[in-house]
Every structure is written in structure tokens, then in C-alpha cells.
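Here's the letter readout for the chains.
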Amino acid sequence: MPTKTTCPSSQVSDDEQKKRENTRSLTMSGHVGFESLPDQLVNRSIQQGFCFNILCVGETGIGKSTLIDTLFNTNFADHESSHFFPHVRLKAQTYELHESNVRLKLTIVNTVGFGDQINKEESYQPVVDYIDAQFEAYLQEELKIKRSLFNYHDSRIHVCLYFISPTGHSLKTLDLLTMKSLDSKVNIIPVIAKADIISKAELQKFKIKLMSELVSSGVQIYQFPTDDETIAKINASMNGHLPFAVVGSMDEVKIGNKMVKARQYPWGVVQVENENHSDFVKLREMLICTNMEDLREQTHTRHYELYRRCKLEEMGFTDVGPENKPLSLQETYEAKRHEFYGERQRKEEEMKQMFVQRVKEKKAILKEAERELQAKFEHLKRVHQEERMKLEEKRRLLEEEIIAFSKKKATSEIYQNQSYMASGSNLKKDKDRKKDPGYRFELLCFDVRACEINGGRKDAEEGREGPCTMGWP
Amino acid sequence: MDPLRQSPSPCSSRPSSPKTPPCEMHGYVGIEDVLDQLKIKAMKMGFEFNIMVVGQSGLGKSTMVSTLFKSKVWKCTLPGRGMPIPQTLQLKSVTHVIEEKGVKLKLTVTDTPGFGDQINNDKCWDPILGYINEQYERYLQEEILITRQRHIPDTRVHCCVYFVPPTGHCLRPLDIELLQRLCRTVNVVPVIARADSLTLEEREAFRRRIQHNLRTHCIEVYPQKCFDEDINDRILNSKIRDRIPFAVVGSDQEYLVNGRCVLGRKTKWGIIEVENMAHCEFLLLRDLLIRSHLQDLKDITHNVHYENYRVCRLNESHVLPRGPCWVNLAPTPPGPPVAPGPSKVCRQAREDSDDDEDDY
């Protein structure tokens, strides 16, 4: 029965069920033509271009760059890196490759300085951080209101090639630790680097040992998908060859009458693309020719979704609310917004209160200071007044004394003149002086006094005649 | 190009990415095998296509759908035939899975019996827009879940085929109103229905007049000019734009003509062959919808119309989405939300279309 969807809207779950019951196969009586749909899809993808990001994790000098060069048959400009970096860094480079009508934007991320430090505890953290940062960038873009996902350059790591040292014994602790921390974030394909060091017999044992160690530690490496019939068989057999023992080289050596990529030793030539010598061809086949799309899909649907879920749950969003009713992102946003709003109001109030309080206190202090200052001022004023009055008093006394002295001087001069007239001669005066000490004393006193008065006269009023003028009528 | 549109093209071949030096490869690597991988994946997952037919009763919408997909899409008697005209517009949706040469297509057809049949057809487009927006809403809800499904079921309407009655004059006010609103939310392909009542000259004249009407009212039908990516697209789409609206005739009856069994309509004066380009342009419509532009329709719906809806939705903060019906906390009367689509298209040029915007 056709579903009736009446406006304004319908129950979500009901409709879904009805639709599911409704979907049934229909046979067509003729050729419609939508078999071209996959081609339309492919054309669209060709126009858009493809994006593939490989992360190579391994010790310095283990052959990461060479292997990538060999895989993609080019010489990506790169030089040897030093062994003396204090921390592990990641270096990303993007290249554009063309093959027939396919454009591939290839990003190679290399770990620089991995395994070189003396203390390797922090070695794997930068790698994990880098992968998370790419997921985060994509999540941010997806959560934006105005977003452009179709335009977005996807930088999420699609595959991690983990390079294992060809010791022949087992995995190093650093390897185990790193792989364990990466396996839930990225598709890991372990490879045994520089495999030309190991002999065939040792290689088999080594591979078995490695795989059993990985399984027992619970490391989930990438399994090639076996659900599609066309590639299931080959994928299944390849799964048994993991980890791939690879040899990389861009140097060419003449074998027979062909130039092949190989490494030349005094004891023989190791051919890169010879299946007996290395698993390089298998790696290339699995990585590029058969499963590139699956790697991208796994990254997007499994690893990215896991990251997204964890991140959103961390931020406090859930799908199910407190009463087990489905909660939507919108509601959570609203609730959180109200919460933050309320919080902000509260804080604003608090700050206002604090501000008012402080102002009051400051005002009180200032008033206090003002009062003190006022009191000081008054006190000083009073002191000043008192001093002034004292000085006035002294001045008055001094002036009175001056008047008294001048009076005395005047009277003593009159007496002196009188005595001059009485005696008659100066010589006699001298003798008399000697004879008459009283008289002489008076004269001396007069002289001294005259000097004093002369000195004092200078401060006192002007216009008064000097002692030499005294006596002149 | 309208600078207010979302972006130059939904599937731009110019991604914003770091500067990349092009590299020369010395030999075969095998990158092009990724195309085969894509194809295998797509075939396994199957495709989805949702089409809506809008038009008045009796214009042959249901027959057209059956003709397009060469099967009896409607199980019971065709809606509208022999049944009383429904009082209100009811949307009917039916889903089928059809397979051709290994390609599985999940087809959903939505019909609109009762559209434009009432005496007062004011706001008769609301149920249609409500339905379209409801599908967008459903997809949005799935997309913002914390634990999402691997593949979100896509029920959004990818294409809306609008049937213009063959008056021979020009677009009627009802047509114009509806088209203006629809074009902002969904890809619209207008067709001249029952074109067997028009002669070839009348058809051409009618078509020109309709194109003129569309231009005057700034109605952008599919294929939209602003989404043409490169010169090839533009050439191809210009040819299509020149023939829009297609004059179509639908039929599910077969007759013998010149020894061949063809779909057609038998009249006293001859048999109108549906798949004959000389008789009608049904083949053009079928090729556009199915054979060449199906993926493009889906892309534009996903990258432009859905994104526009999402932007509007996320900017409104006063509507709680979950619940049996729209819970609108804003002091406006509740009802099906009018299309909040890219209303910026040609707003300056339009003089008569501002009744939706006052709701927001």
C-alpha cells in the first residue's frame, strides 16, 4: 500500500517501517538505462580528483622515503634526515600525480627522528596527536554552519605503513607500544623494511613470530576486505602474507636485456619487482590497485566516526537524554547555552557586587585620609599663628628696647657735652681720665655705646643724626 | 555568477588544498584501478533516487512515471483516476527497488493528487514544501547524531518534475507561484504535459513563452546555469536549457507500429509514439533524468539545497526539532515551515515574491 504522508508532518519511526514494508522489487518491461549510474558516479569522481594520505612510521634510515618513491615510481624530492632531533616530528608533503585521466593528490607524512632519542617514551605521542589533529580539522569543518565539504582537502590519514626493523627476532617494544596506540585511529599495514637482509627461511619464521606477537598484544592491523567476491580470494591470500617484506630502490640494473629496479650487491642482485625476492609487488597491488578506496572508506566510516563520537561525548553531547528519551543535538545545545548564559549572568552579578564593595571601601579610606589631612592642616595653622604672635611680641619688645637705648644715649651725650664744657682741654681730659676713672669709664662706655648704637642704627630708623653730630648746636 | 549562491559548483574540481607540485611518474603504478574499485563499491551499495511529480489532476503524472521506469509503479489503480478529487492535497509516496544489469536502484516516487484542484488554491504549495523540508530535516537529524549509521538513508527529493498544462499561452499565476518557491528548495524540471494536444508550431511558441516567463520571474530550473563547471558542461547544458520545458506524452500501452512494439497512444487519426523524437520529447526527459544527469541531480541536492536548508536550520535557535510535531517557541503561528531555501537568488530582481520571508 502506498504510504500517505499528510501534512504538517509524520511520525518518523512509523514512516520508516511503512517504507520498509513497501520496498519491493519491480520488474521492468524494457530497458530504462540507469545502468550508466556507476559511470556517472565515476565521471563525477574523476572531475573531483582523488585524495590519498599515507603515513610512514619507522626509524630514521629504515627506507621509508625510498619505498614511497618506488611505490609511486617517482622521485619525490627528499634528502636524508639527521639522527639528532630531540623530538619526533612529522613532516607532510603533498604531490599531484596523473595517470590516464585520474588525478591523485597524494600526501606523504613521514616521522622524523622516530626512535633516535635516548628516551623514547614520548616518541609515539606526536604521531597520535597528528592523526587526531587531522580528524579534528575535518570535524570542525563538518560542524560549521556554512561548510563546504565537497571542496575540503581531506587530510585524514588513510593508511599507516609501519616499518619494522629486520632484526629477525621479534617486535621491538617501541613498535608494539606505537602500534597499540595507533590501531584504533588508523589502518595499519606493517611492513618489514630492508628485507634483503633476511634469508628466506628466517623470513618465514620472522613473519610468524611478528603476527603472533601482534595478535597476542591485541593490535588490530588492517585486514584486506573479503566481502566482495571479485577481490575476496586475492585479499584473503594476501592477508596471509602480512607483514610484507619489502625492498625499495629507484636504481636500475640491467638484468638480461631489461632495466629493472634492483639493488646490486657483490653477491647478487635483489630485484624489487621480483616476487621471489620481495613482497613489493604485493604491497603495491594491495595498497593501490585493489584497496585504496576501501582504505579511504574505512578511515571515514570507522576511525573518523569513532573519533567524532568520542569527541562529542567528551563535549557533553549525548543521543539519549536523562529519561532515555532521544535527545537531539539541538536540545543539548539549547540546554548548554542556557546553562552558560545563567552562569554568565551569575558571574556578572558577582563582579558587580564586588565592584560596588570595593568602591565603598575605597571611598571610606579616602574620606579618612581627607579628615586626617584636614586635622593636620588645622594643627599647623594654629602652630603658625602662635609662632607669629610670639614673634610679634618679641619684635615689640625689641623696639621698645631700641627706643630705651636711644633715649639713654641721648641723655648720656648731653651729659658728655656738659662735662666737656666743664673741663676745657683734651689733654687734661686724658690725664683726668687717668685720674678720674669714673669719668674715663663713662667715656669708654660712651664709645662702646656709640659703636653699638652705630651698628644698631643701621637697622633702626634712618634720618637720625650720628653721635659726631651730637653736641653741635 | 550570483555571488550569494553557496559556491561555484557542488563538485568543484578545484579543491582548496596546499600547493602541490605535479610529479612525473616513470612507469605504471596502477592508480587508475581506483575507478574500478569505486564502481564495485557503488554497485554493491546500490543507488537511491527520489523523484516527485507535481501538477494538476489529469495531466498524466502517474502515467509518465510508469513510462519512465517502464513498470507499474502504482500498485493499485492509478491515484486520481475514477476517485473523487481529494479535498486537501495528499502526498503519496511509493518505493521500489529496480535492477538493471547488476545496478540496483531504490526508486521513490511521490505523487501529489489534489494539487491545484480546489477552488481556492491559496497556499496549496505548503504541503509540498513541507514534505520536502521534512525529508531534509530527517537527513539532518541522522547526520547530527552522535552514533551515526554507516549509510544515512537518503529520502530527500532529488528532482521535482512539474507538469505544465498545455494551454498554449503562457505560465499561469499558480504555476509561477509554485515554481518560484520550489526552485529555491529543490531541482525542478518543468515539462509540458499531454503535449499531443499541441501542434509542433504551437509547442515551440509555448516553449518560448514559458522560457520567457521563467526568465522574467527569475526562476532557475534544472540544469541551473550557475552550476556549470567547465566549458563542456556549459555546452551540454545549454542545449538542454534550450529545450526546456520538454513536451512529453506518456503511455503504458503498447501498440504495433511498422512491425515494432512501441509504447504509444492510439487515436483515430494515428498512433502517437512516446519514444519517437519526432512525436514528443519524452526521450530527452528520460535521458536527462536517468541516463546522464541522475548523479548530478543528487549532487546538487546534497551539496546545495541540503546545505542551504542546514544553514537556515542551524541559525534558528528557537525551534526544537525532536518531537511529534514542530515545537515552535517563537510567537508565530505553528504550521509547516515555509522553505527557508536560498532565498537570496535574484532577490533584487524579483518584485512580487516576499510573502515567505516574513515568517522568519
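Just so it is clear, the model here is predicted, and its values are computed rather than measured.

Reading the values: the criteria
- Per-chain numbering applies: the sequence of each chain, read as written, is numbered from 1 onward.
- As they are written, the chains are lettered A onward and the ligands numbered 1 onward, keeping that order.
- Local features in this predicted model are restricted to residues whose pLDDT is 70 or higher, and side-chain atom pairs enter the listing and the counts only when it is 80 or higher, whereas totals over whole chains, interfaces and linings include all residues.
- Excluding hydrogens and water, the side-chain values take into account all heavy atoms of the structure.
- Each helix is a run of H or I in the DSSP string that is no shorter than four residues. Each strand is a run of E no shorter than two, and both are numbered from the N terminus.
- Here the term buried applies to any residue with accessible area under 20% of the maximum for its type, exposed to any over 50%, and partly exposed to those in between, with areas from a 1.4 Å probe on protein chains only.
- Note on contacts: a residue pair qualifies if any of its non-hydrogen atoms lie within 4.5 Å across the two residues.
- Surface accessibility in these figures is a Shrake-Rupley result with a 1.4 Å probe; residues are shielded only by whichever protein chains are displayed.
- pLDDT: the predictor's confidence for each residue, scored from 0 to 100.
- One requirement defines pairing of two strands: DSSP has to find at least two bridges between them.
- By nonpolar core we mean a set of buried residues, namely Ala, Val, Leu, Ile, Met, Phe, Trp, Tyr and Cys, connected to one another through side-chain atoms within 4.5 Å.
- Here the axes come from fitting lines to C-alpha atoms, over the contacting stretch only for helices, and the angles between their N-to-C directions go from 0 to 180 degrees.
- UniProt positions are given in the numbering used here, feature names are shortened, and annotations may be inferred rather than shown by experiment.
- Distance and chemistry together define a polar contact, namely a pair of N or O atoms within 3.5 Å, with one atom able to donate a hydrogen and the other to accept it when in protein, and with adjacent residues in sequence counting only for side-chain atoms on both sides.
- Salt bridges, as used here, are contacts in which a Lys or Arg side-chain nitrogen is within 4 Å of a carboxyl oxygen on Asp or Glu.
- Stacked, tilted and edge-to-face pairs are distinguished by plane angle, under 30 degrees for stacked and over 60 for edge-to-face with tilted covering the rest, among Phe, Tyr and Trp rings (Trp via its six-membered ring) whose centres lie within 6.5 Å.
- Note on terminology: angles under 35 degrees are roughly parallel, angles over 145 are roughly antiparallel, angles of 65 to 115 are roughly perpendicular, and the others are oblique.
- We call Asp, Glu, Lys and Arg charged. Ala, Val, Leu, Ile, Met, Phe, Trp, Tyr, Cys and Pro are nonpolar, and the rest, Gly among them, are polar.
- Think of a patch as exposed residues, more than 30% relative accessible area, with no salt bridge, where like charges cluster within 9 Å and nonpolar side chains (Val, Leu, Ile, Met, Phe, Trp, Tyr) cluster within 5 Å.
- Each helix should span, by expectation, one fewer than its residue count multiplied by 1.5 Å.
- Count a disulfide wherever a pair of cysteine sulfur atoms falls within 2.5 Å.

**Focus: the overall build of chain B**
Point 1. Summing up its helical and strand segments, chain B has 8 helices and 12 strands in all.
Point 2. Looking at chain B as a whole, 56% of its 360 residues are labelled buried.
Point 3. Residue pairs at least 24 apart in sequence account for 69% of intrachain contacts in chain B once pairs closer than 6 positions are excluded.
Point 4. For chain B, the computed accessible surface area is about 15,800 Å², with 56% contributed by carbon and sulfur atoms.

**Some details on the overall build of chain A**
Point 1. The secondary structure content of chain A amounts to 12 helices and 11 strands.
Point 2. The long-range share in chain A, meaning contacts at least 24 apart out of those at least 6 apart in sequence, stands at 65%.
Point 3. When the accessible surface of chain A is summed, it comes to about 28,500 Å², and 55% of that surface belongs to carbon and sulfur atoms.

**Considering the side chain of B:D175**
Point 1. Within the element layout of this structure, B:D175 appears in helix α4 (residues 173-185).
Point 2. When neighbours within four sequence positions are excluded, B:D175 is seen to be in contact with B:Y162, B:V164 and B:P165.

**Digging into the confidence of the model for chain B**
Residues and elements named next belong to chain B.
Point 1. Averaged over all residues, the pLDDT of chain B is 77; the fraction at 70 or higher stands at 78%.
Point 2. Low pLDDT, under 50, characterises residues 1-17; the stretch is placed with 48 contacts to residues that sit more than four places away or in other chains.
Point 3. With pLDDT under 50 throughout, residues 318-360 is counted as low confidence; its partners more than four residues away or in other chains account for 76 contacts.
Point 4. For this predicted complex, the interface confidence comes out at an ipTM of 0.75, alongside a pTM of 0.70.

**Quick notes on unusual backbone geometry**
Point 1. Here the amide bond leading from A:L242 into A:P243 is cis, since omega sits at -10°, within 30 degrees of zero.
Point 2. Of note, A:P243 is situated in the loop between α7 (229-239) and β8 (244-245).
Point 3. The omega torsion of the bond from B:I244 to B:P245 falls at 0°, within 30 degrees of zero and hence cis.
Point 4. By the element assignment, B:P245 lies in the loop between α6 (231-243) and β7 (246-247).
Point 5. A positive phi angle is found at B:R194, which is not glycine, with a value near 45°.
Point 6. Relative to the helices and strands, B:R194 resides in the loop between β6 (188-192) and α5 (200-216).

**Some points on the pairing of strand β4 (residues 103-111) of chain B**
Along a regular strand, successive side chains alternate from one face of the sheet to the other.
Residues and elements named next belong to chain B.
Point 1. Summarising burial for β4: 7 of the 9 residues are buried, a large majority.
Point 2. In the sheet, strand β2 (residues 47-54) pairs with β4 via 7 bridges, with the strands oriented parallel. From the neighbouring strand, V53 faces β4, where its bridge partner is D111.
Point 3. Summarising the sheet, strand β3 (residues 91-100) and β4 pair through 9 bridges and their orientation is antiparallel. For S93, the partnering residue across the bridge sits in β4 and is T110.

**Some thoughts on the nonpolar core**
Point 1. Membership of the largest hydrophobic core comes to 92 residues, with the highest contact counts inside it found for A:F34, B:M52, B:F115, B:I128, B:L182 and B:L289.
Point 2. Per element, the largest residue contribution to this core is 7 residues, and it comes from helix α3 (residues 126-143) of chain B.
Point 3. Ignoring any residue separated from it by four or fewer positions in sequence, one finds B:M52 in contact with B:L91, B:T110, B:I128, B:Y131, B:I132, B:V157, B:C159, B:C160 and B:V161.

**Structural notes on the sheet that holds strand β10 (residues 258-265) of chain A**
Residue and element names in this part refer to chain A.
Point 1. Within the open sheet, the 3 strands sit side by side as β9-β10-β11. Their pairing is antiparallel. Each edge of the sheet is formed by a strand with only one pairing partner; in this case those strands are β9 (252-255) and β11 (268-271). Ignoring strand direction, the axes of neighbouring strands in this sheet form an average angle of 65°.

**Some words on the sheet that holds strand β8 (residues 254-257) of chain B**
Residues and elements named next belong to chain B.
Point 1. Strand order in the open sheet made by the 3 strands is β8-β9-β10, with antiparallel pairing throughout. Where the open sheet ends on each side, the last strands, each with one partner, are β8 and β10 (270-273). The average undirected angle you get between the axes of adjacent strands in this sheet is 65°.
Point 2. Pairing between β8 and strand β9 (residues 260-267): 4 bridges, direction antiparallel. Of the residues in β9, the one forming a bridge with E254 is L263.

**Examining the UniProt feature "coiled-coil region" (unreviewed entry) in chain A**
Point 1. Taking the UniProt record as the reference, the feature "coiled-coil region" (unreviewed entry) is found at residues 352-408 of chain A.
Point 2. Measuring from the first to the last C-alpha atom of residues 352-408 of chain A gives 83 Å, for a span that is 100% helix and 0% strand.

**Focus: the environment of A:R103**
Residue and element names in this part refer to chain A.
Point 1. The residue R103 is located in strand β5 (residues 102-112) in this model.
Point 2. In sequence terms R103 and G49 are 54 residues apart; their C-alpha atoms lie 5.1 Å from each other.
Point 3. There is a polar contact of 2.8 Å between the side chain of R103 and the backbone oxygen of Q47.

**Section: the pattern of salt bridges**
Point 1. Under the criterion given, the structure shown has 51 salt bridges over all chains.
Point 2. Across the pair B:K41 and A:E297 runs a salt bridge whose closest N-O atoms are separated by 3.5 Å. Note that B:K41 is positioned in helix α1 (residues 33-45) and A:E297 in helix α9 (residues 292-315), a pairing that runs across two chains.
Point 3. Linking B:D175 and B:R172 is a salt bridge whose minimum nitrogen-to-oxygen distance equals 3.1 Å.

**A short note on the packing of aromatic side chains**
All names here are of chain A.
Point 1. By the definition in use, this model includes 10 aromatic pairs over all chains.
Point 2. Measuring from ring centre to ring centre gives 4.9 Å for Y138 and Y304, while their planes differ by 85°; the resulting arrangement is edge-to-face. Pair noted here: Y138 is in helix α4 (residues 125-143) and Y304 is in helix α9, with a separation of 166 residues, a long-range link.
Point 3. With relative accessibility at 0%, the residue Y304 sits in the buried group.
Point 4. Between Y265 and W267, the aromatic rings sit 5.0 Å apart at their centres with planes inclined by 5°, giving stacked as the arrangement.

**Here we look at the packing of α9(A) against α1(B)**
Point 1. Packing of α9(A) against α1(B) brings their axes to within 8 Å, and their N-to-C directions diverge by 60°. In terms of axis orientation, α9(A) runs oblique to α1(B). Taking contact as the criterion, the partners of A:M292, A:E293, A:D294 and A:E297 in α9(A) are, on α1(B), B:V34, B:Q37, B:L38 and B:K41.
Point 2. In the contact of α9(A) with α1(B), the residues fall into 3 nonpolar, 1 polar and 4 charged.

**Concerning a nonpolar patch on the surface**
Point 1. There is a patch of nonpolar side chains on the surface, built from A:F355, A:V356 and A:V359 and spanning about 280 Å² of accessible area.
Point 2. Locating A:V359 in the fold gives a position in helix α10 (residues 329-423).

**Focus: α1(B)**
Residue and element names in this part refer to chain B.
Point 1. Taking 1.5 Å of rise per residue, the 13 residues of α1 would be expected to cover 18 Å, and the 19 Å separating its terminal C-alpha atoms lies within 8% of that figure.
Point 2. Regarding α1, the residues found buried are D33, V34, L35, Q37, L38 and A42.
Point 3. Once α1 finishes, G46 follows within two positions and takes phi at roughly 85°, a positive value.

**Thoughts on the state of the cysteines**
Point 1. One pass over the structure, following the stated rule, counts 0 disulfides over all chains.
Point 2. Here A:C160 is not disulfide-linked; the sulfur of A:C56 is the nearest cysteine sulfur, at 7.8 Å.

**Let's talk about the environment of A:M211**
Point 1. Inspection of the secondary structure puts A:M211 in helix α6 (residues 200-217).
Point 2. Taking C-alpha positions, A:M211 is 106 Å from A:Q385, a pair spaced 174 residues apart along the chain.

**Observations concerning the environment of A:V219**
Residue and element names in this part refer to chain A.
Point 1. Note on placement: V219 falls in the loop between α6 and α7.
Point 2. With relative accessibility at 8%, the residue V219 sits in the buried group.
Point 3. Taking C-alpha positions, V219 is 6.7 Å from M179, a pair spaced 40 residues apart along the chain.
Point 4. Residues within four places of V219 in sequence aside, it is in contact with L176, M179, K180, D183 and L214.

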